[in-house]
Amino acid sequence: MITVGVGMVVFGAIVFALVIAVGLFALRQHNRMFPKSWDRTGWEPRGTAGWFATKFTWLSGGRG
């Protein structure tokens, strides 16, 4: 039978709380940096460019 000391339980609870706190902090910072969405560059993946312009840009290494 394995017994765990009170110190290890407290240490585990502190580590768990820190992991949750860091995750919440990261989400909060992300929401402050990007308030509208994940991408603020304004680039639309399906813009108004036609098929040829999109493929030409893609083949030339652009973001089309």
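Residues numbered from 1 in each chain as written. Predicted model: local features only at pLDDT ≥ 70, side-chain atom pairs only at ≥ 80, totals over all residues. Heavy atoms only, no water.

Regarding the overall build of the protein
Now for step 1: Of the regular secondary structure elements, the protein holds two helices and zero strands.
Now for step 2: Here the protein holds 64 residues, and the buried ones make up 0% of them.
Now for step 3: In the form shown here, the protein has an accessible surface area of approximately 6300 Å², with 70% of it arising from carbon and sulfur atoms. (Helix = DSSP H or I, 4+ residues; strand = E, 2+ residues; numbered from the N terminus. Buried < 20%, exposed > 50% of the residue type's maximum accessible area, 1.4 Å probe, protein only. Areas by Shrake-Rupley, 256 points an atom, 1.4 Å probe, with all protein chains shown as cover.)

Observations concerning helix H1 (residues 6–33)
Now for step 1: With 28 residues, H1 extends 41 Å between its outermost C-alpha atoms, agreeing within 8% with the 40 Å of an ideal straight helix rising 1.5 Å per residue.
Now for step 2: Counted residue by residue, H1 has zero buried out of 28 residues, so it is predominantly exposed. (Expected span 1.5 Å × (residues − 1).)

Looking at a nonpolar patch on the surface
Now for step 1: Taken together, the side chains of Ile2, Val4, Met8, Val9, Phe11, Val15 and Val19 make up a nonpolar region of the molecular surface, amounting to roughly 740 Å² of accessible area.
Now for step 2: Within the element layout of this structure, methionine 8 appears in helix H1. (Patch = residues over 30% accessible without salt bridge, like charges linked within 9 Å, V, L, I, M, F, W, Y side chains within 5 Å. Salt bridge = Lys/Arg side-chain N within 4 Å of Asp/Glu carboxyl O.)

By themselves, these are just geometric observations and shouldn't be taken as functional.
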